[in-house]
Amino acid sequence: MWHIGGQTLNSRLMVGTALYPSPEQMLGALRASKAEVITVSLRRQDPGNQGGERFWEMIQSLNVRLLPNTAGCRTVKEAVTTAHMARELFNTHWIKVEVIGDDFNLQPDPFALVEACRILIEDGFEVFPYTTEDFIVAQRLVEAGCNILMPWAAPIGTGRGPMNPYALKILRARFPQVQLIADAGIGLPSHATQVMELGFDGVLLNTAIAKAEYPTRMAAAFALAVEAGALAYQAGPMLQRDIAIPSTPTLGTPFWHQAASSHTNPDTAQEHLPA
């Protein structure tokens, strides 16, 4: 069970709906992912648009929660306006806020992002801000009222995986009460497992599944990877060491003899003491 934005979910994987070779492959991949939250872009997928009617019917058949986004917005006004339109069209107060500041790496504009989130939170939205791994920006978003942060692992669509695991780990340590969802740059299931092992609460991705040779298989792989990473973090991984320590400490001695010698009965210990 996972509690986020006032909802209780089973899956910690969120999946996007763009770039698939066909609507049928998109539908198959979304089902295989077991995701209960999927992202949709208002600009591409308006349910009131006749061209998007088939897409909308397919999404409704999944019975999942929608997370509209402000993809493509570059100003505070544009992001806020898009968010309000999305709330009306998709009937949800959840919104993934993107305010892009650079066309080369699609990095968020931190100043506009914080301001847009502040306005939308005051307007009653549950904001999911797409940001970088920068701690100060994250701190400003939390101060603005964000309960959820979505730092990238790497720039959107690169598939490079976590470029700065140390910074992601710092975010987890400094914001223990904030929901952290890795968003963007995830390319392999092992990348998803890695960020979950750092203590992240979830993973959102799109391209890694949509552009895979077999999207449905990749979606199933990511579902398992996210679950494995979450279980590993909850299990408490062993500490890394600089030196090797044998897993069988006493060579040549059967393990049951080792157990007997290491757990000497204190009531009989006196029999072996020198006179």
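Just above, that's the structure.
A. A look at the packing of helix H1 (residues 23–33) against helix H2 (residues 53–62). H2 packs onto H1 with a crossing angle of 15° between their chain directions and a minimal axis gap of 11 Å. In terms of their interaxial angle, H1 and H2 are classed as roughly parallel. Seen along the crossing, H1 lies across H2 with a hand that is right-handed. Listed contacts from H2 to Pro-23, Glu-24, Met-26, Leu-27, Leu-30 and Arg-31 of H1 are Arg-54, Phe-55, Met-58, Ile-59, Ser-61 and Leu-62. A per-class count over the contact of H1 with H2 returns 8 nonpolar, 1 polar and 3 charged.

B. Molecular detail of unusual backbone geometry. Positive phi, close to 55°, is recorded for Asn-63, a residue that is not glycine. You can see Asn-63 is positioned in the loop between H2 and strand S5 (65–69). Exposure remark for Asn-63: the relative accessible area of 71% places this residue in the exposed category. Despite not being glycine, Asn-91 has its phi angle at roughly 55°, a positive value. Residue position: Asn-91 is located in the loop between helix H3 (76–90) and strand S6 (94–97).

C. Fine view of the packing of helix H4 (residues 110–122) against helix H5 (residues 135–143). For the pair H4 and H5, interaxial distance at closest approach is 9 Å and the crossing angle is 15°. When the axes of H4 and H5 are compared, the pair comes out roughly parallel. Here H4 and H5 pass one another in a crossing that is right-handed. In this structure, H4 contributes Pro-110, Leu-113, Val-114 and Cys-117 to the contact, and H5 contributes Val-137, Arg-140 and Leu-141. Of the residues in the contact of H4 with H5, the class split is 6 nonpolar, no polar and 1 charged.

D. Quick peek at the state of the cysteines. Evaluated as defined, the whole model comprises 0 disulfides. Left unpaired, Cys-117 is separated from the closest cysteine sulfur, that of Cys-146, by 4.2 Å. The exposure class of Cys-117 is buried, given its relative accessible area of 0%.

Cut-offs applied
Residues numbered from 1 in each chain as written. Predicted model: local features only at pLDDT ≥ 70, side-chain atom pairs only at ≥ 80, totals over all residues. Heavy atoms only, no water. Axes fitted to C-alpha atoms, helices over the stretch in contact; angles between N-to-C directions. Helix = DSSP H or I, 4+ residues; strand = E, 2+ residues; numbered from the N terminus. Parallel < 35°, antiparallel > 145°, perpendicular 65-115°, else oblique. Left-handed = near helix turned anticlockwise from the far one by under 90°. Contact = heavy atoms within 4.5 Å. Nonpolar A, V, L, I, M, F, W, Y, C, P; charged D, E, K, R; others polar. Buried < 20%, exposed > 50% of the residue type's maximum accessible area, 1.4 Å probe, protein only. Disulfide = S-S within 2.5 Å.

The values reported here are purely geometric and, on their own, carry no functional implication.
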